[in-house]
2 protein chains.
Amino acid sequence: MKREPKPTLKTLALETGLAVTTVSRALKGAPEIAKGTRDRVQRAAKAIGYVPDRAAQRLRTGRTNVISFLLEPHDEMLSFGTMMIAGIMESLENTSFHLVVTPQFEKSDPLGTVDNIIRNRLADGVIFCRTTPLDIRVRMLLEADYPFICHGRTELATPHPFVDFDNFEFALDAATRLARQGCKKLALLNARQPFTFSQHLMHGFMTAVRESGVSHVLPENVSIDSAPEAVRDTAMTCIREQGVDGFVCAGESSAMAVIAAVSDCGLRVNEDIGMVAKQTTPLFGQIRPQIDTIYEDLTAAGRQLGTLLLRRIEGAPVSELQRLEHGEHRYRD
Amino acid sequence: MKREPKPTLKTLALETGLAVTTVSRALKGAPEIAKGTRDRVQRAAKAIGYVPDRAAQRLRTGRTNVISFLLEPHDEMLSFGTMMIAGIMESLENTSFHLVVTPQFEKSDPLGTVDNIIRNRLADGVIFCRTTPLDIRVRMLLEADYPFICHGRTELATPHPFVDFDNFEFALDAATRLARQGCKKLALLNARQPFTFSQHLMHGFMTAVRESGVSHVLPENVSIDSAPEAVRDTAMTCIREQGVDGFVCAGESSAMAVIAAVSDCGLRVNEDIGMVAKQTTPLFGQIRPQIDTIYEDLTAAGRQLGTLLLRRIEGAPVSELQRLEHGEHRYRD
DNA sequence: TTGCAAATCTGAAACGTTACAAATATGGTA
DNA sequence: TACCATATTTGTAACGTTTCAGATTTGCAA
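What counts and what doesn't
Residues numbered from 1 in each chain as written. Chains lettered and ligands numbered in written order. Predicted model: local features only at pLDDT ≥ 70, side-chain atom pairs only at ≥ 80, totals over all residues. Heavy atoms only, no water. Near = heavy atom within 4 Å. Polar contact = N/O pair within 3.5 Å; in protein donor to acceptor, adjacent residues only side chain to side chain. Least-squares fit on C-alpha atoms with pLDDT ≥ 70 in both. Pairing = 2+ DSSP bridges. Helix = DSSP H or I, 4+ residues; strand = E, 2+ residues; numbered from the N terminus. Axes fitted to C-alpha atoms, helices over the stretch in contact; angles between N-to-C directions. Contact = heavy atoms within 4.5 Å. Buried < 20%, exposed > 50% of the residue type's maximum accessible area, 1.4 Å probe, protein only. Parallel < 35°, antiparallel > 145°, perpendicular 65-115°, else oblique. Nonpolar A, V, L, I, M, F, W, Y, C, P; charged D, E, K, R; others polar. Phe/Tyr/Trp six-rings, centres within 6.5 Å; stacked < 30°, edge-to-face > 60°. Lys NZ or Arg CZ within 6 Å of the ring centre and 35° of its normal.

1. Digging into the protein's contact with DNA strand C
Of all residues adjacent to DNA strand C, which total 23 residues, the nearest are Thr 22 of chain A together with Leu 9, Ser 24, Tyr 50 and Arg 60 of chain B. Those atoms of DNA strand C that come within 4 Å of the protein belong to sugar or phosphate at a rate of 62%. Here a base oxygen of DNA strand C and a side-chain polar atom of Thr 21 of chain A are 2.9 Å apart. Residue Thr 22 of chain A places a side-chain N or O atom 2.8 Å away from a phosphate oxygen belonging to DNA strand C.

2. Quick look at the relation of the copies chain B and chain A
Relating the two copies of this chain is a rotation about some axis coupled with a shift parallel to it. Least-squares fitting of chain B to chain A yields an RMSD of 0.0 Å, with the superposition described by an axial translation of 0.0 Å and a rotation of 180°. The two molecules are tied by a two-fold rotation axis, judged by turn and shift.

3. With respect to the sheet that holds strand β10 (residues 292-295) of chain A
Residues and elements named next belong to chain A. Taken together, six strands build an open sheet; the order of strands is β7-β6-β8-β9-β10-β12 and the sheet is mixed. Each edge of the open sheet is held by one strand with a lone partner, namely β7 (215-217) and β12 (328-330). The sheet shows a mean angle of 20° between the axes of neighbouring strands, taken without regard to direction. The pairing of strand β8 (residues 246-249) with strand β9 (residues 274-279) spans four bridges and is parallel. The partner of Phe 247 across the bridge, within β9, is Met 275. Sheet strands in contact with helix α8 (residues 167-180) are β6 (185-189), β8, β9, β10 and β12, and its direction is about 160° off that of β9. Along the sheet, helix α9 (residues 196-212) makes contact with β6, β7 and β8, crossing β6 at roughly 175°.

4. Remarks on the side chain of Arg 288 of chain B
One can find Arg 288 of chain B in the loop between β9 (274-279) and β10 (292-295). In this structure Arg 288 of chain B comes out as buried when scored by relative accessible area, which is 13%. A distance of 3.1 Å separates the side chain of Arg 288 of chain B from the side chain of Asp 264 of chain A, its partner in a polar contact. What Arg 288 of chain B contacts, discounting residues up to four positions off in sequence, is Arg 232, Ala 260, Ser 263, Asp 264 and Arg 288 of chain A.

5. Brief notes about the packing of helix α1 (residues 9-16) of chain B against helix α2 (residues 20-27) of chain B
Residue and element names in this part refer to chain B. The geometry of α1 relative to α2 is characterised by a closest axis approach of 8 Å and an angle of 105° between their N-to-C directions. One finds that α1 runs roughly perpendicular with respect to α2. Packed against α1, whose contacting residues are Leu 9, Lys 10, Leu 12, Ala 13 and Thr 16, the element α2 presents Val 20, Val 23, Ser 24 and Leu 27 at the interface. Grouping the amino acids of the contact of α1 with α2 by side-chain chemistry returns six nonpolar, two polar and one charged.

6. Some thoughts on the environment of Met 83 of chain A
Topologically, Met 83 of chain A is positioned in helix α5 (residues 78-92). Sequence-wise, Met 83 of chain A and Leu 298 of chain A are 215 residues apart; in three dimensions their C-alpha atoms are separated by 5.7 Å.

7. Observations regarding the packing of aromatic side chains
Counted by the stated rule, this structure contains four aromatic pairs over all chains. Centroid distance Phe 128 of chain A to Phe 148 of chain A: 6.0 Å. Interplanar angle 15°. Geometry classified as stacked. Here the residue Phe 128 of chain A occupies a position in strand β3 (residues 125-128), and Phe 148 of chain A occupies one in strand β4 (residues 148-151), the gap between them amounting to 20 residues. Each of the two residues, Phe 128 of chain A as well as Phe 148 of chain A, counts as buried. When the ring of Phe 195 of chain A is compared with that of Phe 197 of chain A, the centres are 6.2 Å apart and the planes differ by 20°; the resulting orientation is stacked. Given a relative accessible area of 22%, Phe 197 of chain A falls into the partly exposed group. If you follow Arg 177 of chain B out to its NZ or CZ, it ends over the ring of Tyr 331 of chain B, 3.8 Å from the centre.

So, in structure tokens, the structure goes:
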């Protein structure tokens, strides 16, 4: 690998006849460096294309200029990761931060992953998703006073930065709409138990059920993380054996499975069986028959997560770093 | 942020009564360190949870222990990124490498991104996708003799590592199948021109068309990157005005758009209009009506990319670092 | 002219690691 | 016992940056 020596502060010092220290300070615009010198150094730096060495900076200052994003690679929603990442990247543009994606296989203890980051100062801040009510990662990071932000809320007493989607509202609106459409028995295809947002979904769903007086079913063996085949089978059982005529789907994947189930039952979506699903990709608007959806913008969420985390790193108070986003109705009519 | 001082080589040296140098070499199992000493040091390291400081190593050795993955965040196939990343991560497990995702907005010059990586040695190796026949990134990296691997091939004279999917074969098989099913006029929903694999697709498609004597259409205003609405409109035009009765879809998103188009024309997929699509997510198996697909395993591709790149970094010859993967037929019968 | 504060600039040390040359210990042979 | 080769360990320097304390220069009042 060819390597013409990279320009360093020393190069610049030689070039300008100044001391390394002076060059360093001039580049970051320190006020005790004469204006003329500052300009001269900065011009020289631009000219030879100087960029500070991250490793050296990191070694010296302890700042890594890295944001670590914990990703469960086999997430049910494949597009989830990319959209989040796209958003985070946008928020990091024009900063010196790099985005490191750290695998967090669910079975392998999240503890180890986070502990590793904390103890070896692998990042200046951490972002993660799929938050649980008593999330161990949140507890560890709070304990270490390490900057982080998560997608989803916890039930912990200590407030912490988060970005969440209002899943209560989503499920409430969705179920209410189905009831208004005349559905008599609703099913909720929920997220997996451990995640906080599954409780929000459930709560919203049950509130609507109660308010509108319809009956309901909560399939237990299956979640939006389950294999689509399993979801489809469960949905068919709901339809055939339990008289369900309306589904609230918390994910696109399970929505497709429900559509498949309806079709495989010889019934028609919307006509015979009502559906409202959460939509997170534009793609889903092309599904036929079209269904009512409520849109969650994950790229925007990623952008928020990144932006707020940067603020957190700069020391902003937690109270300014909490966001609850709302869904956008995309109903057919 | 609480910081109990991280154990370093010095800590270990004090603890064991050895010199820092000795500790360093003992930890990497250098043969000139007495067996007993090595064991002692390694045990001590384990005990206090010593992990070498990445910044210091990087500064000293020039090795970054970083793989940079160039990602176009607004890719047409949202799941693409996550699946690739999942694969790359798997290949990096149990190595000291971290995965840095570097944004590569298509309009913003890829030149800058790659040049930055090369000049500032931001990574030990680079992975990217959406390769073009005369890909500028490939040329720059070859020129700099910088380790990299790409998803897709080029037409450059210098051989280089790659992992590609046999899109020629895919399009050939898909079109042939449609012709056998009795379709008379086929359309190819291709990738965008600039990418090498669009030529492979075209070539495979045309070969099948020629061999089976059917007629064909190559919609030009639209690609698998286009908005689904545009694809759908084009597909409807194909069906209504050009008599197309079979589609080869190079992507899931456009496949859904075609299904929508067929449905919106009041026709039935498979019965009236034949389709074969490339499938890259399990989700797509739930689409109704079911359609014939050929499966491309992107996670496996990511795994390959990572593994081969690591070999490249270790100096393996290019000839061992080229792979062409084949699709897996998922036909309905 | 002298003195002194303010304005600029500089040198040395340190972050944690590895490479190199050199020092010491060990064992065996003359 | 003296000596040398081998085995093992050590000290120093360097990677590129920032920080700290200190050095030099400048301008101006006395």
